[in-house]
Amino acid sequence: MGQSNTLLKVFKSFVSMEEIENILRSHDYQEVGRKWLGTDQIFFWLLASSEQWQNYRESENKLKIDPSLKAVDHTTLSTKASILPYEAVKEILELLGSRFNRETRRSMDLPVSLAALDSTTMTVGENRLPWAPYHGKRNGVKMHTFFRVDTLLPIQVEASKGLTHDAAVAHSFSHQLITSVRDRAYATIRDFDNLEDEGKGFVIRLKTSIYTEEREPIPRVTSEHSRVFDDYSAKIGKGKKQSNHRFRIVCFYDDEGNTLRVATNLSTLFAEDIADLYKARWQIELFHRFLKQHLNLNHFFGTTPNAVYGQLFCAIMVYMVLRFLYNQLAPVWRMTRRTFI
């Protein structure tokens, strides 16, 4: 119970009840009845994610013994989830994220401010989420995240149906002063030119099928311990599907010996630094894994878009609170450990 109270207390210290109510009203949400409000539903989703409750029926029993919220039946939870606009929950997430990213810092040995862009897919059986078909007998939704590597916090999240291609939502992520690192699905040849024209730094893995032409080697100091084996500038693509600009191409081996090619417009960094920037993208993979393993994103309670996306966005808010608490307490833990060793 103490964990639940702490979670909600920290959340409310960053986002007030008045702000939540104003956001709900701005999305034309109107309360039906006074027993279980929209704010109650949001706080319920936060607790359900942190406590890993499995469904509405289990939650009904949990709420009877948890003093953090009122006790209601599972049909009330289901009904409220289906009518609470997920766009409003997303706006609350964005408000919380703006404040956490301002308050929380984490030092990493990286030459630029870096954010990773990637997606993860949550699938269910064919009889659930009929509005979100995926592959075979599975339905599912996808979460696209722009994730700050230096704070380990998301700064923008978009949700879509499972079959939505990553490149189709890439244009939704625009942060001028942050270099983005992306996997190969998040860029077309046109995207490379657009990012360059907009003055946005990037490190993007190239698909194996993409050609590079008009190569010009970039002089560099080689080292026997370097994973980089090639560094040159080139145009990406061929024929009518060729980039207008030249880009730097860095080729290197990952930790498992696989060959990787990344394109970038960062010309002043060492090739080894470029490789390290792409390696830092792994932090977003750990973030997605944490959501699924510890915050219940593999168990959707409802089946409507409002219920599914609302639960998803609240799970990310729980992660933000937990990350904030960890960053606040970690120095104390380290100091205590040194004291007793």
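In this convention, every chain numbers its residues from 1, walking through the sequence in written order. Confidence filtering applies because this is a predicted model: local features only for residues at pLDDT of at least 70, side-chain atom pairs given and counted only at 80 or more, and all residues used for totals across whole chains, interfaces and linings. Here the side-chain values reflect all heavy atoms present in the structure, with hydrogen atoms and water set aside.

- As recorded by an unreviewed UniProt entry, the protein chain carries the name IS4 family transposase and is attributed to Salicibibacter cibarius.
- UniProt positions are given in the numbering used here, feature names are shortened, and annotations may be inferred rather than shown by experiment. What UniProt states about the protein chain under its Sequence similarities (unreviewed entry) heading is, verbatim, "Belongs to the transposase 11 family."

## Concerning the overall build of the protein chain
Next up, step 1: Secondary structure elements are taken from DSSP: a helix is a run of H or I of four residues or more, a strand is a run of E of two residues or more, and numbering for both begins at the N terminus. From N to C terminus, the protein chain includes eleven helices and nine strands.
Next up, step 2: Summarising its shape, the C-alpha atoms of the protein chain cover approximately 70 × 55 × 35 Å along the three principal directions.
Next up, step 3: Taking all 341 residues of the protein chain together, the buried fraction comes to 50%.
Next up, step 4: Residues count as neighbours in contact if any of their non-hydrogen atoms are within 4.5 Å of one another. Nonlocal contacts in the protein chain, meaning residues at least 24 apart in sequence, comprise 63% of its contacts between residues at least 6 apart.
Next up, step 5: Surface accessibility of the protein chain: about 17,100 Å² in total, with carbon and sulfur atoms responsible for 50%. Burial here depends on accessible area, computed with a 1.4 Å probe over protein chains only, as a share of the maximum for the residue type. Under 20% is buried, over 50% is exposed, and the range in between is partly exposed. To be clear on the numbers: accessible area is Shrake-Rupley with a 1.4 Å probe, and residue cover counts the displayed protein chains and nothing else.

## Here we look at unusual backbone geometry
Next up, step 1: One non-glycine residue, Gln52, lies in the positive phi region at around 60°.
Next up, step 2: On the secondary structure map, Gln52 appears in the loop between helix H3 (38-51) and helix H4 (56-65).
Next up, step 3: With a relative accessible area of 33%, Gln52 lands in the partly exposed category.
Next up, step 4: Unusually for a residue other than glycine, Leu152 sits at a positive phi of about 60°.
Next up, step 5: Its place among the elements puts Leu152 in the loop between strand E2 (138-148) and strand E3 (153-161).

## As for the UniProt feature "transmembrane region" (unreviewed entry) in the protein chain
Next up, step 1: UniProt marks residues 308-326 with the feature "transmembrane region" (unreviewed entry), using the numbering shown here.
Next up, step 2: Along residues 308-326 the backbone is 100% helical and 0% strand, and the end-to-end C-alpha distance reaches 27 Å.

## Considering the nonpolar core
Next up, step 1: Ranked by internal contacts, the top residues of the largest apolar core, which has 81 residues, are Phe11, Phe44, Leu46, Ile316 and Met317.
Next up, step 2: Considering every element that reaches this core, the biggest residue donor is helix H11 (residues 305-340), with 14 residues.
Next up, step 3: With residues near it in sequence (within four places) discarded, Phe44 still touches Trp36, Trp53, Tyr56, Ser59, Leu63, Leu69, Leu77 and Phe301. Only buried residues count toward a nonpolar core, which is a set of Ala, Val, Leu, Ile, Met, Phe, Trp, Tyr and Cys residues joined through side-chain atoms within 4.5 Å.

## Considerations on the environment of Thr259
Next up, step 1: As for its placement among the helices and strands, Thr259 is situated in strand E9 (residues 259-264).
Next up, step 2: On the basis of relative accessibility, which here comes to 47%, the residue Thr259 falls in the partly exposed class.
Next up, step 3: Along the sequence, Thr259 and Val228 sit 31 residues apart, while their C-alpha atoms lie 9.6 Å from each other.
Next up, step 4: In this structure, Thr259 is in contact with Phe229, Phe252 and Tyr253, ignoring residues within four places of it in sequence.

## Quick look at the packing of helix H2 (residues 17-26) against H3
Next up, step 1: Packing of H2 against H3 leaves a shortest axis separation of 10 Å and a crossing angle of 110°. Relative to H3, the element H2 lies roughly perpendicular. Crossing handedness for the pair H2 and H3: right-handed. Two secondary-structure elements touch here, H2 through Met17, Ile20, Glu21 and Leu24 and H3 through Gly38, Thr39, Ile42 and Phe43.
Next up, step 2: Gly counts as polar in this scheme, as do all residues outside two lists: the nonpolar Ala, Val, Leu, Ile, Met, Phe, Trp, Tyr, Cys and Pro, and the charged Asp, Glu, Lys and Arg. Tallied by class, residues from the contact of H2 with H3 come to five nonpolar, two polar and one charged. The axes are straight lines fitted to the C-alpha atoms, using for helices just the contacting stretch, and the angles between their N-to-C directions are given from 0 to 180°. Should an angle lie under 35 degrees it is considered roughly parallel, over 145 roughly antiparallel, and from 65 to 115 roughly perpendicular; all remaining angles are considered oblique. Crossing handedness is read from the near helix: turned anticlockwise from the far helix by less than a right angle, it gives a left-handed crossing, and turned clockwise, a right-handed one.

## A short note on the packing of aromatic side chains
Next up, step 1: Working definition: rings of Phe, Tyr and Trp (its six-membered ring) pair if their centres are within 6.5 Å, and the pair is stacked with planes under 30 degrees apart, edge-to-face with planes over 60 apart, and tilted otherwise. Counted under the stated rule, the structure contains 19 aromatic pairs.
Next up, step 2: A network of ring pairs unites the aromatic residues Phe44, Trp53, Tyr56 and Phe301 as a single cluster.
Next up, step 3: Both a distance and an angle decide whether a charge sits over a ring: NZ of Lys or CZ of Arg must be within 6 Å of the ring centre and within 35 degrees of the ring normal. The lysine or arginine in question, Lys12, covers the ring of Phe43, its NZ or CZ lying 4.7 Å from the ring centre.
Next up, step 4: Positioned above the aromatic ring of Tyr211 is the side chain of Lys238, whose terminal nitrogen or guanidinium carbon lies 4.3 Å from the ring centre.

## What to know about the layout of surface pockets
Next up, step 1: One number sums up the size of the largest pocket: a volume of about 320 Å³.
Next up, step 2: Looking at which element gives the most residues to the lining of the largest pocket, the answer is helix H9 (residues 271-279), with three residues.
Next up, step 3: Partitioning the lining of the largest pocket into residue classes produces five nonpolar, one polar and seven charged. Of the two site types, the cavity is a set of points on a 1 Å grid over the protein atoms alone where a 1.4 Å probe fits but cannot get out, and the pocket is an open set with protein on both sides within 12 Å along at least five of seven lines, each lined by residues with an atom within 4 Å of a point. Grid points are joined across faces, edges and corners, and a volume is the space filled by probe spheres set on the points.

## Overview of the pattern of salt bridges
Two side chains bearing opposite charge may form a pair once their charged atoms approach each other closely.
Next up, step 1: By definition, a salt bridge exists where a carboxyl oxygen of Asp or Glu is found within 4 Å of a side-chain nitrogen of Lys or Arg. Summed over the entire model, instances satisfying the criterion amount to 15 salt bridges.
Next up, step 2: The salt bridge partner of Lys70 is Asp40, with a shortest N-O separation of 3.0 Å. Residue Lys70 is located in the loop between H4 and helix H5 (74-83), and its partner Asp40 is located in helix H3; the two are separated by 30 residues in the primary sequence.
Next up, step 3: Taking the shortest distance from any N to any O, the salt bridge between Lys142 and Asp166 comes out at 3.3 Å. In this pair, Lys142 is assigned in strand E2 and Asp166 in helix H7 (residues 166-169), connecting sequence segments 24 residues apart.
Next up, step 4: Looking at Lys142, the relative accessible area reads 10%, which means it is buried.
Next up, step 5: Each of Lys90, Glu94 and Glu158 takes part in one network of salt bridges that share partners.

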